[in-house]
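# Analysis of the macromolecular model
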Amino acid sequence: MRVRADTVFYQIGKIAWIPFTAFGFWFAGYGYHAQGELLSCSLRRISGIPCPGCGGTRAFYYLFLGEFAKSFQYHPAVLYGVFAYAHFMGFYFFRKHISKTKKTKEIQIPCYIYGAAAVILLQWFLKLFQITEMM
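This is a predicted model, so every value here is computed, not measured.

Reading the values: rules and limits
Residues numbered from 1 in each chain as written. Predicted model: local features only at pLDDT ≥ 70, side-chain atom pairs only at ≥ 80, totals over all residues. Heavy atoms only, no water. Helix = DSSP H or I, 4+ residues; strand = E, 2+ residues; numbered from the N terminus. Rg over C-alpha atoms; globule rule 2.2 N^0.38 Å. Buried < 20%, exposed > 50% of the residue type's maximum accessible area, 1.4 Å probe, protein only. Contact = heavy atoms within 4.5 Å. Lys, Arg positive; Asp, Glu negative; His and termini not counted. Charge placed at Lys NZ, Arg CZ, Asp CG, Glu CD. Salt bridge = Lys/Arg side-chain N within 4 Å of Asp/Glu carboxyl O. Phe/Tyr/Trp six-rings, centres within 6.5 Å; stacked < 30°, edge-to-face > 60°. Core = buried A, V, L, I, M, F, W, Y, C linked by side-chain atoms within 4.5 Å. Polar contact = N/O pair within 3.5 Å; in protein donor to acceptor, adjacent residues only side chain to side chain.

So, on to the overall build of the chain. Helix and strand counts for the chain come out as six helices and zero strands. Each helix and strand of the chain, ordered N terminal to C terminal, gives the series α-α-α-α-α-α. For 135 residues, the compact-globule formula gives about 14 Å, and the C-alpha radius of gyration of the chain, at 18 Å, lies well above that figure. Overall, the C-alpha framework of the chain stretches about 60 × 35 × 30 Å when taken along its three principal axes. Taking all 135 residues of the chain together, 27% fall into the buried category. Long-range contacts, defined here as pairs at least 24 residues apart, represent 62% of the contacts in the chain between residues at least 6 apart. Positive and negative side-chain charges in the chain, numbering 14 and 5 respectively, have mean positions lying 14 Å apart.

Shown next, in the form of structure tokens:
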């Protein structure tokens, strides 16, 4: 019997959202300010050039404070991840429990991953362009 990837991801998604959300609220309330300098990007500190993940921690922090515009400004991939998660979970739930169609194609997980990679690279190039513009 072949196990479908979308079923595996759906089961993981059902389990993972509780600890992820709990950690997010803890981090926004206590963790971000307690860690201080440990959370800054080493590559940016050393070279002055941002890495593709620069701003992700602050975006995660502002996401759990409810400041979605700031979260998007620092790193749009964080909000993309939230929307991709909600879309996938809702889409899978609808197909499995509401439409009850027996033979449906598997939801293509790589589409979500390619979208995330595109968002990450686009924001990275924009940040690099801002730095070279400032010099």
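Back to the write-up after that little detour.
The tally for this structure, following the rule as stated, stands at three salt bridges. Notably, a salt bridge pairs Arg 2 with Glu 106, separated by 3.2 Å at the nearest N-O pair. Taken as a pair, Arg 2 in the segment before helix 1 (5-35) and Glu 106 in the loop between helix 5 (76-98) and helix 6 (109-134) lie far apart in primary sequence, 104 residues in all. Judged by its relative accessible area of 64%, Arg 2 falls in the exposed class. Residue Lys 70 pairs with Glu 67 through a salt bridge whose shortest N-O separation is 3.8 Å.

Between two aromatic rings, the relevant description is the distance of the centres plus the angle of the planes. Considering all chains together, one arrives at 16 aromatic pairs under this definition. When the centroid spacing of 4.3 Å and the interplanar angle of 25° are considered together, the rings of Tyr 10 and Tyr 92 count as stacked. Pair noted here: Tyr 10 is in helix 1 and Tyr 92 is in helix 5, with a separation of 82 residues, a long-range link. Side by side, Tyr 10 and Tyr 92 carry an identical accessibility label, which is buried. Centre to centre, the rings of Phe 23 and Trp 26 are 5.7 Å apart; their planes meet at 35°, and the pair counts as tilted. Placement of both Phe 23 and Trp 26 in helix 1 is noted, with a separation of three residues, approximately one turn of the helix. You can call Phe 23 partly exposed: its relative accessible area is 41%. In this structure an aromatic cluster arises from ring pairing among Phe 20, Phe 23, Phe 25, Trp 26, Phe 27, Tyr 32, Phe 60, Tyr 61, Tyr 62, Phe 64 and Tyr 74.

Next up on the list: the nonpolar core. If you look at the biggest cluster of nonpolar residues, it comprises eleven residues: Phe 27, Ala 28, Tyr 32, Ala 59, Phe 60, Tyr 61, Tyr 62, Leu 63, Phe 64, Val 78 and Leu 79. Every residue in contact with Leu 79, bar those within four places of it in the chain, is listed here: Leu 63, Phe 68, Ser 71 and Phe 72. In this structure, Ala 84, Phe 88, Ile 107 and Tyr 112 belong to the second largest nonpolar core, which totals eight residues.

Okay, the side chain of Gln 123 next. Mapped onto the secondary structure, Gln 123 falls in helix 6. Take Gln 123: its relative accessible area is 6%, and that puts it in the buried class. There is a polar contact of 3.3 Å between the side chain of Gln 123 and the backbone oxygen of Ile 120. With sequence-adjacent residues up to four places away left out, Gln 123 is seen in contact with Pro 52, Cys 54, Tyr 74, His 75 and Pro 76.

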